[in-house]
Every structure is written in structure tokens, then in C-alpha cells.
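The lines below spell out each chain.
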Amino acid sequence: MASNWSLRNRVAVTLALFGAVVSLALAVIIYLTSHDLETRLIDDTLVAELDDYVARRQRNPLSLPVRTATIRTYVVAEQGGTHPIPEEVSALGPGRHSLKVDGISYRAAVREVREQRFVVLYDTSALQRRERGFLLLLSGSVLIVTLISALAGRWLAALIIAPVTELARRVARLHPEDEPTTLAREFPWLEIHQLAGDFDTYLKRLHDFIERERLFTGDVSHELRTPIAVINGATELLMIDPILNEKNRNRVARISRAATEMGEISAALLALAREQGDASSQSAECDILGIVQELITRYRDLFSHKPVELLLEVGALSDKQVDHAILSMVLGNLLRNALSFTAQGKVRIRLDAETIRIEDSGPGLDTANPAELFRPYVRGGQSNGAGLGLSLVWRLCEHQGWQITLENLPGGGTLAQLDLSPPSR
């Protein structure tokens, strides 16, 4: 929860805690010092009264004990003592004591002179009431100082971090595509100036990187158009050549389809790299069954050397509008992986209204978390690839709003499921 606090609140709370600790420490010191001084004054008063009473009794053994609003005196002796003497008083030995008599708190001083014990009591009940009031006053002072520290800390924090807040606001409005900024010139404070300068340097590097990436992808897309157009033109001329036999004509048709698909893939990857538009703006109605059949024809020839049977099951045809090139790339990667990891057996593709399932009879996934395989450069245990195919599949599905999952089948093998329905919210 502390990570969600603003810097202003952190400073305010810190100052409030500091004020509370300092004021509490001062209050404790003041209270203990005051209590100690009062105790010393009472003890000095008791000693003076005790000296005076002992002197008077020595001059006149029949002198009456002192009885005032706060002072009481007693003489404890077998003969010549004062009466009556409370039991609590008669049990006191020489020295200073704190006791209660009839529910009243007293401070006592006791001295033994010639087999007589002289006792002086000082009523401390009024003093204790004053101490309780003083304690309440100190407690209220601590709370007031804490509150003032919090308010002052919040006000001071707003002044202190105002440059940081302004820098954060300015940076939040920046985009990597914008021209590099000169924030450091607008913040003269040393630390903020350095931070703004770091932001300027970082944003300039990021802007330059994006510009290079944009130029590169644009150049690649532009330069690929020419050889693709040449291939398409050559295949069109070959297709109308009357001396071309049927076998070679089929081969040329495959080259033409591959060149057309290369152009679509180039455009799709360029749009994905630039993050242009959303999924709906690039989608066009296409024949999903036709895409799957094209992929089956392509990979059946590529993997004809393996004893693997490639099956297609159509449960329900979907009328969803999807991008031809992107769906072809996604299913092509999944189907190629299934055929690559299956030494022998079957690879089954099943079409339903909203999902496309690809099941194989291979060894299955060797990881407890299949989602990790969608991360860049993460490869399966038996993979010899670069670990980018499934990462590309994930990015394409995320771009189109599709959902892709991998899991092991109970009887062995792997299931890759592509859900074309939009994610639930």
C-alpha cells in the first residue's frame, strides 16, 4: 500500500512522525523533570518541618503536633508519643516514604531520635491532581504539534516537490514519436535539472531508435515490393505460356501463391511493427476454410517425408472477418510446430464457429507453464529454432484481439487452440 502514496504525502507523514516523536520526547522529559523537582521540593519541605518539630519537642516535650492543610506530625514512642497514630504511620521506619492514610496520598519523612520516631506527612493529593492536569496538557500539546507538523509538512512538501510534480506532468504528456525536448533548461534546481537532462537524453535516444525502426521497416516494405512484383509478373507470363505442361504449371501456381502471400505477410508485419490502426481496420472477410486448406496443401508437401497423417475436421464454418495474412501466419506457425514435433502419427485440425484447434500426437510440452513459450527466445526442450515463432503468434493474436492457448493432451501430444472471439470483459 505504501507504494501508492504520493511523494507529498510521504513528506507530510514523515514530518508529522518527526514532530510527534520530538514533542513526545520533550513532553516526557518535561513531565519527569517536573515530577522530580516537585518530589525534591516536598522532601526539602519535609526535612525542614521535621527539623523544626524535633527542635520544638526537645525544648518542650508537651508541644502539640503540627496540623495544617498539608502537614501532619507524629511522635511514635512507648512514652510521650502522640495519639492517636494511624497504623500505617506507626509501621514506618526511618527515611522517606510514600503512603496512603484514609485514602489520602502522603509523602512521609521519618527520623529516629532517642528511642522516639518523628514522622512528618505531606498531603500530595492536590499535587497529584495538578500532575494529572499537567499530563493532559502535555498530551494535548503533543497531538497539536503532530497535527501542525502534518499540515506544515504537507504545505512544505507541496512547495518542495512542485518542480518534481511539474516535471512528471510534462514527461507524462510526451510521446516517443515527438521531437526531442529540452526540459533541462526549464528546471534550474540542481537535482531536478539533472533528472530532466536524463529524461531529455533518454527521450532523444528513444526518438532516434523509433525513427530508425520506422525508416527500416518502410525501406524493407518498399524494397520487397519490387522483387515480389517481378516474381508475380514472371509467373503470370509463365502461366500463359502454351508450351508449359500441367506439372510445371502447378509448380508456377505455387510460386505465384507464395509470392502473393509474401506480399501480404510483409504488409501485415509492417503494420504490426508500426502499430498502425486496430484489428478491425485491417480485417477483411476471408474464407477461413480456404486458408486452412492452403496451409494443409503447403505443409503436406513440405513434410511428405514423415509418416504423419494430416487431417481436417470441419464442425462449423465461421463467418468472422479476419485478416488473411495474419491468420495464415498464426495457423502456419502452429501447424509447422505440430508437424515438426510429431515424428509419426496424426496432426488434426478442427474448425468450429469460434475456435480452431490443432492437435498432434507428439511428445507434448515439457514445461509446467506453457505460457512461457510465447515469450521471445524461449524454446521448447526439443526445439532447434530461435524461439521467435510462438512469440510472433502471441503478438499477432494480441494485435487482433484473439486468444491463443497451449496445453498437453491427456493421452499425449499437444493442443493449440485459437479462439477468434473477442475477449470477455
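All figures in this text were calculated on a predicted structure; none of them were measured in a lab.

With respect to the pattern of salt bridges
Once the charged atoms of two side chains with opposite charge are near each other, the side chains can pair. All chains considered together, the criterion is met by nine salt bridges. Between D208 and K204 there is a salt bridge whose closest N-O contact spans 3.1 Å. Placement of the pair is D208 and K204 together in helix α5 (residues 190-239), with a separation of four residues, close to one helical turn. Between R357 and E359 there is a salt bridge whose closest N-O contact spans 3.0 Å. Within the structure, one salt-bridge network assembled from shared partners comprises E313, R348, R350 and D352.

Comments concerning the sheet that holds strand β6 (residues 308-314)
Here five strands make up an open sheet; going across it, the order is β6-β8-β9-β11-β10 and the pairing mixed. With one partner strand each, in any of the chains shown, β6 and β10 (403-408) form the two edges of the open sheet. The sheet shows a mean angle of 10 degrees between the axes of neighbouring strands, taken without regard to direction. Here strand β9 (residues 355-360) pairs with strand β11 (residues 414-419) via five bridges, running antiparallel. Paired with I358 across the two strands is A416, which belongs to β11. Helix α9 (residues 324-341) contacts β6, β8 (345-351), β9, β10 and β11 of the sheet and is inclined by roughly 20 degrees relative to β9.

Some points on the packing of helix α1 (residues 7-59) against helix α3 (residues 125-160)
Running from N to C, α1 and α3 point in directions that differ by 160 degrees, and their axes come no closer than 7 Å. The orientation of α1 with respect to α3, classified from their angle, is roughly antiparallel. When you trace α1 past α3, the crossing you get is right-handed. Classifying every residue of the contact of α1 with α3 by side-chain character gives 19 nonpolar, eight polar and four charged.

About the thresholds
- Residues numbered from 1 in each chain as written.
- Predicted model: local features only at pLDDT ≥ 70, side-chain atom pairs only at ≥ 80, totals over all residues.
- Heavy atoms only, no water.
- Salt bridge = Lys/Arg side-chain N within 4 Å of Asp/Glu carboxyl O.
- Helix = DSSP H or I, 4+ residues; strand = E, 2+ residues; numbered from the N terminus.
- Pairing = 2+ DSSP bridges.
- Axes fitted to C-alpha atoms, helices over the stretch in contact; angles between N-to-C directions.
- Contact = heavy atoms within 4.5 Å.
- Parallel < 35°, antiparallel > 145°, perpendicular 65-115°, else oblique.
- Left-handed = near helix turned anticlockwise from the far one by under 90°.
- Nonpolar A, V, L, I, M, F, W, Y, C, P; charged D, E, K, R; others polar.

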